[in-house]
Amino acid sequence: MASSAGKKRPMVRVSRTDSSSNLTDKDSKKPKMDSGDRQGESASLYSEEEEAAQRDPAKDVNLYKTACDGIRQLLQEIQEIKGSGRKDAAAEIAERKIQASMHFITLKKLNRLAHMRCKKARDTTHEHKQKVDSYHLQLQNLLYEVLHLQKEITKCLEFKSKDEEIELVEEAEFFKEAPEEISKPDVTQQDPHQLTLARLDWELEQRKRLAAKCKDYEDQKEEISQEIQTRRDQLDSLLPRLNTVLESTKPLQEALKMPFDEMRQQHRMAQFLPRPLYVLYVQSSAYQQACDPALTVTIEGDLDAAKSSGPSTSAALDVDSDSDDEEGTKEKSRRRRTISIDPTDRRGKVLHKHPLQVNITIKCKDGSSLALTFHYLLTLQVVTVIVQLRPVAEAVTSAISGGDLLSPSSLLSCLFPGDHGNTTPNPANQFLLERARIEDFNDCVKEVGKPYVWAQQLAGLQFLNAEEPPKPDTHLSSTHMEKTMKALKVRVRARLALVQQLASLERGSVPVTRECQHLFQTKIASRLASWKSITYDDYIALPYSQLVVASGMVHDTDNFYLAVLQRGSATLTAAVLLSPGYLTCPPVFSLNLNMGTDHTASNDENIRAMEHEVNVHYKELLVKGSHDQLLTNQLQRLLMCLDVYLETQSNSSATEGPSEFGREKICPRVVRGPSRCKPFVFNSQHGFFTQR
Amino acid sequence: MADNFEAEMLKQRRQLYTTVFSQSFSPCGRFVAVCDNFGRITLFSLAASLSADAKEDSRKPVFTFQAHNGPVYTLSSTERFLISAGTGDIKAWSWADILKKSPKVQWSLSPPFNHSFDNPETNSVVITKDGMLCSGCGDNNVYLWDMQSGTCTNTLKGHTDYIHALTLRGNDQQVVSAGEDGAVRIWDLRDSREAVHILEPYKHDVCARPEQGRWIGCVAVDSGDDWLVCGGGPSLSLWHMRSMTPVVAFSTPNSSQNVVMFQEDQIMSAGSSPCVNHWSMNGELRSQVPCTPPCIYSMAINTNSASYKVLSAAGSSAKVDIFTNFGYKAFSMLVC
């Protein structure tokens, strides 16, 4: 600043002297400035800045141009003067030099002014920029504030009051039920907030009331249970007294032969029966009382053991075998658990029976009786039967071919089709048996009896679904009871009759009862020559049984016999298939007639027709009252057919000479139809033979 | 349970002793009906059994119904009706009804039997082009019926034992009957008092087999009316019709023929052995095709539909054999 001021002083001095310059209007002030002190000098500096502001920059540009032009002019003039070489050249040149210097001063001034303006413009720009910055900052602050406020608003909006979770009564209901002082309809109708408050109040009121009520009831309950307790005590004290009364009636019961007590005993034992046996017991005693007084149903076994093994229901539904034994046998069971690897012990456990058993004795008309003992296997959850037949003395006949038809193991085999009783009907048992290393349930049949399907049905057990544990179903038992009892009776009668038939067949006679005699011609020339039993292997090896074998009717559990029928030179061999379900499944005959050559069903249509007669039309041989004579009737029928065959054969073959078999049968037609069938059907009414 | 079992068992046993006596193809050629000794008529679908993707199920009966009380021995078809005969009346069933599985007897003919004890049957039925039905019956007579009116127009008497088989001849003007008495009689349908010709094969050494009996079980006539073939107790023999003499005997030792037919240039026959015999006209056995039934009673060729032209053979078995190529058995259909 000081230097610039220093520079200005000579310029002022110059401008004061140079009147011709354009700065003359300022020249009047300059002397004042010059005469003033430092302050005056600084004021003149201020004024120069003001001047810079006031002056028009465009004019300054023009000034600058004229100054430059002036300098150029003067320099040119100097040059011309120097060139002319005039005398007064030096003075003129000096004058010119002064004028040029004046112009230079003007230029300097202009330069200063330009600088000053530039500085001022820069300052203004800076100032504005700062202002803008501060405004920007303010804006940012405001935006942040807005955001914050918005957040607060959402928070407020999202707020949930606890009362919203309470389910309140409907508004209409509230106004209807709540008392005036709570509902305050005049306030609440307009103001929903007040309305909610009122409703909450009402809710609270109601809850209070209900709580009080609940407490009331609890008190009542307590009271009643106390009353019950006192009455129960009273009843308990009654029991010993009643017992003494009962005790005292015993002599009277015995005297009058009324076994009320025994029945009571039985019924009490029945409580401890496992559920399936209980169903069996109830249903069979019901059946006994309703339909069959000759039936006897009793419960036997160790009652104490049954009691200790817990209530019957739990025993019946226990799946885990260990829980069979309870407090009394805990020690034992623990010991068992430790050595349970031993398969024999496991086997015993798997085959563990319930200590109680149900005995049913069925009496048949002829006096024989069938004793059935039902056990319940706790682990396997099946009912098994042990069978014992007590025939009357005269019914016992020895028949070699009868074999084991009456033995307990086969007597009831196939009572219903396919029910051999050799495998457990509960499919879930397979795993248990495998674990106990019992491969075939058949092996343990001797110990526990046979688990026939009908026995399960009587006990109300049904194992259709392998997953679900069986639930004893009383209805199932009652629907099967009558059918099974009848089937049992029919079976016993049929078996006894069958054994008798077999015995007489072995003696070579075919017994025909009086009821069946009308089925056959009285005079039959063919005779039964022999009757013997053969094995399964023998049977399937016979060439003429192949048709039957191929049809899948033959099982190795069936019985097989070979009957030889004879008349003169003709021999008819009949292989008989007797299924264990005899009567429901009648015997099947396969024939082979030997008259020099073998005639069988596959090469002689009439032999096929004979088989057809006995195997398919067996129903005609079932006469009411002699239902059991099927086997012998079939044989008798066969003898008759053989007669017809032989007698008609001699006639139709047109051979010369008298035939061996004289025609004794009356048949209107010897052959009929495309198959040239012989008249095997006997018309008992008119005593002649026709075709079917 | 037990009832079911009994029904099942009885069904199984019946199947074992089923004998199929006759067959007839439906007019459309897509079905075959067979009749058996239990009086049932069973319908099979040839179209389903012969289709490329036929399974076991498609060879099962489409439909079975009880047609008669006793055995049904013969079936024949007209354009509209299936005619069944055997025990009792001759019954006509509409094919349309049968295919709808609701068969009804459309009309029936009662042969005028007068024997009470011998229970006569109808063994064979043939139908002429002009609507006349001939039935060969168990009372030794052939009855002629007018199908329009349902009346018996005439009775051909002459056989001394029952009639086994009938066939038509001479542009349906003549009927040939074969009987248990061993005679083959040729009758003129217009003048029916006496048989025109009587052939008695059991009297000719060429074919007589006394040990098998006299009876003639089957007869067939070729399309030119020059030749007749018949067999039964006597062995199968070819007769020249103009000279009325047996020309060739076809050798079937121990087997009597129950069914015979002319097929193109050869003769096919079958009987009491489990095979179908193909013969050339000079008596040479061309081939023997084995089949299931031990004794065959019926053979038929489906000429009603070209795409299902098969030979089917049935007899004393529940299985009906189907031969698509006549040289071997294709499959069996089971009557049950």
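Residues numbered from 1 in each chain as written. Chains lettered and ligands numbered in written order. Predicted model: local features only at pLDDT ≥ 70, side-chain atom pairs only at ≥ 80, totals over all residues.

## A word on the overall build of chain B
The condition that has to hold: Helix and strand assignments come from DSSP, with helices taken as H or I runs of at least 4 residues and strands as E runs of at least 2, each series counted from the N terminus. Exposure classification rests on a simple neighbour count of other C-beta atoms within 10 Å of a residue's own: a residue reaching 20 or more is buried, one at 12 or fewer is exposed, and one in between is partly exposed. C-beta atoms are placed from the backbone. For the purpose of contact definition, each residue receives a C-beta atom placed from its backbone, and two residues are in contact when these atoms lie within 7 Å.
The number of helices and strands found in chain B is three helices and 28 strands. Per-residue burial over chain B gives 51% buried out of 336 residues. Sequence-distant contacts in chain B: of pairs separated by 6 or more residues, those separated by 24 or more amount to 44%.

## Topic: the overall build of chain A
Along its length, chain A carries 25 helices and 11 strands. A total of 692 residues make up chain A; the buried ones form 30% of that total. For chain A, long-range pairs separated by at least 24 residues make up 63% of all intrachain contacts whose partners lie at least 6 apart in sequence.

## Things to note about unusual backbone geometry
Positive phi, close to 50°, is recorded for R676(A), a residue that is not glycine. By the secondary structure assignment, R676(A) is in the loop between helix 25 (630-652) and strand 10 (681-683). Its 23 C-beta neighbours within 10 Å are what place R676(A) among the buried residues. A positive phi angle is found at M244(B), which is not glycine, with a value near 55°. With respect to the helices, strands and loops of the structure, M244(B) is situated in the loop between strand 19 (237-240) and strand 20 (245-249). Here M244(B) falls in the exposed class, since 12 other C-beta atoms lie within 10 Å of it.

## Some remarks on the sheet that holds strand 5 (residues 72-77) of chain B
Residue and element names in this part refer to chain B. Heads up, the condition is: For two strands to be treated as a pair, DSSP must find no fewer than two bridges joining them. Between N-to-C directions, angles span 0 to 180 degrees; the directions come from axes that are lines fitted to C-alpha atoms, helices contributing only their stretch in contact.
Read from one edge to the other, the open sheet built from four strands follows the order 5-6-7-8, with strand pairing classed as antiparallel. Across the chains shown, the open sheet's two edge strands, defined by having one partner strand only, are strand 5 and strand 8 (105-109). Across the sheet, the mean angle separating the axes of adjacent strands is 20° when strand polarity is ignored. As judged from the five bridges shared by strand 5 and strand 6 (residues 81-86), these two strands associate in the antiparallel manner. Bridged to L75 within strand 6 is S84.

## Some words on the packing of helix 12 (residues 275-290) of chain A against helix 21 (residues 474-506) of chain A
All names here are of chain A. To keep things clear, this is the line we draw: Oblique is the label for any angle not covered by the other classes, which are roughly parallel (under 35 degrees), roughly antiparallel (over 145) and roughly perpendicular (65 to 115). Helix crossings are classified by the rotation of the near helix relative to the far one: an anticlockwise turn of less than a right angle makes the crossing left-handed, while a clockwise turn makes it right-handed.
Running from N to C, helix 12 and helix 21 point in directions that differ by 50°, and their axes come no closer than 10 Å. Here helix 21 runs oblique to helix 12, going by the angle between their axes. The way helix 12 lies across helix 21 gives a crossing that is right-handed. Residues V279, L280, Q283, S284 and Y287 of helix 12 form the contact with helix 21, whose own contacting residues are T474, S477, S478, M481, E482 and M485.

## Some details on the sheet that holds strand 16 (residues 197-199) of chain B
Residue and element names in this part refer to chain B. Strands sit in the order 13-14-15-16 across an open sheet of four strands; the sheet is antiparallel. A strand with exactly one partner marks an edge of an open sheet, and here the two such strands are strand 13 (163-169) and strand 16. Strand-to-strand twist in this sheet, taken as the mean axis angle between neighbours without regard to direction, amounts to 20°. With three bridges joining them, strand 15 (residues 184-188) and strand 16 adopt antiparallel strand pairing. Within strand 16, the residue paired with R185 across the bridge is I198.

## Things to note about the UniProt feature "coiled-coil region" (unreviewed entry) in chain A
Filter applied, for reference: UniProt positions are given in the numbering used here, feature names are shortened, and annotations may be inferred rather than shown by experiment.
Here, UniProt's "coiled-coil region" (unreviewed entry) annotation points to residues 207-234 of chain A. With 100% helix and 0% strand, the stretch residues 207-234 of chain A has end C-alpha atoms that lie 41 Å from each other.

## A word on the nonpolar core
Condition: Note on definitions: a nonpolar core is a set of buried residues drawn from Ala, Val, Leu, Ile, Met, Phe, Trp, Tyr and Cys, linked by C-beta atoms within 7 Å. The domain boundaries here were taken from an automatic or database domain assignment.
One finds L277(A), A574(A), V576(A), L591(A), M610(A) and L638(A) to be the most contacted residues of the largest nonpolar core, which totals 105 residues. No other element matches helix 25 of chain A, which puts 11 residues into this core. The residue makeup of this core includes at least three contributed by each of domain 3 (263-497) and domain 4 (511-690) of chain A. In contact with L638(A), not counting residues within four places along its chain, are L565(A), A574(A), F589(A), M610(A) and V614(A). The next biggest cluster of nonpolar side chains, apart from the first, holds 89 residues, and it includes A33(B), W95(B), C137(B) and V260(B).

## Section: the interface of chain A and chain B
Reports often express the size of an interface as the amount of accessible area lost when the parts come together. Applied cut-off: Only Asp, Glu, Lys and Arg are considered charged, only Ala, Val, Leu, Ile, Met, Phe, Trp, Tyr, Cys and Pro nonpolar, and every remaining residue, Gly among them, polar.
Contact residues are listed per partner, giving 30 residues for chain A and 33 residues for chain B. Elements supplying a minimum of two residues to the side of chain A that touches chain B: helix 24 (605-616) and strand 11 (688-690) of chain A. In terms of residue count, the dominant contributor to the side of chain A that touches chain B is helix 24 of chain A (six residues). The class makeup of the residues in the side of chain A that touches chain B is 11 nonpolar, 13 polar and six charged.

## Observations regarding the UniProt feature "repeat: WD" (unreviewed entry) in chain B
The residues that UniProt annotates with the feature "repeat: WD" (unreviewed entry) are residues 132-155 and 156-197 of chain B. Helix and strand shares over residues 132-155 of chain B are 0% and 67% respectively, and the end C-alpha atoms of the span are 13 Å apart.

## Observations regarding the packing of helix 5 (residues 57-84) of chain A against helix 6 (residues 89-158) of chain A
All names here are of chain A. Two numbers describe how helix 5 lies on helix 6: the axes approach to 9 Å, and their chain directions differ by 160°. Viewed along their axes, helix 5 and helix 6 adopt a mutual orientation that is roughly antiparallel. The handedness of the crossing between helix 5 and helix 6 is left-handed. A breakdown of the residues in the contact of helix 5 with helix 6 according to their chemical character gives 15 nonpolar, five polar and six charged.

## A look at the pairing of strand 23 (residues 273-280) of chain B
Within a regular beta strand, the side chains point alternately toward one face of the sheet and then the other, so they alternate between its two faces. Residues and elements named next belong to chain B. Pairing of strand 22 (residues 266-271) with strand 23 involves six bridges; the strand directions are antiparallel. Each bridged residue has a counterpart across the sheet, and for A270 the counterpart in strand 23 is V276. Two successive antiparallel strands, strand 22 and strand 23, enclose a turn made up of one residue. Relative to strand 24 (residues 285-290), strand 23 is paired through five bridges, and the arrangement is antiparallel. Counted as the bridge partner of V276 is V289 from strand 24. Counted between consecutive antiparallel strands, the loop separating strand 23 from strand 24 contains four residues, among which G283 sits at a positive phi close to 95°.

## Some points on the environment of S280(B)
All names here are of chain B. Locating S280 in the fold gives a position in strand 23. Looking at S280, the number of C-beta atoms within 10 Å reads 13, which means it is partly exposed. For the pair S280 and Q266, spaced 14 residues apart in the sequence, the C-alpha separation amounts to 4.8 Å. Setting aside chain neighbours within four positions, we find S280 in contact with Q266 and R286.

## Notes on the pairing of strand 14 (residues 174-179) of chain B
All names here are of chain B. In terms of burial, strand 14 is largely enclosed, as five of its six residues are buried. The sheet contact formed by strand 13 and strand 14 spans six bridges and is antiparallel. Paired with A165 across the strands is A178, a residue of strand 14. Taking the residues between adjacent antiparallel strands as the criterion, strand 13 and strand 14 are bridged by four residues, where G170 takes a positive phi near 60°. By the bridge criterion, five bridges tie strand 14 to strand 15 in an arrangement that is antiparallel. Within strand 15, the residue paired with A178 across the bridge is V184.

## Description of the confidence of the model for chain A
Filter applied, for reference: Summary of the metric used: pLDDT quantifies the predictor's per-residue confidence within the range 0 to 100.
With 82% of its residues at a pLDDT of 70 or more, chain A has an overall mean of 79. Between residues 651-657 of chain A, whose pLDDT stays under 50, and residues either more than four places distant or in other chains, the model counts 11 contacts.

## Description of the confidence of the model for chain B
With 99% of its residues at a pLDDT of at least 70, chain B reaches an overall mean of 90. The complex model carries a pTM of 0.67, and its ipTM stands at 0.91.

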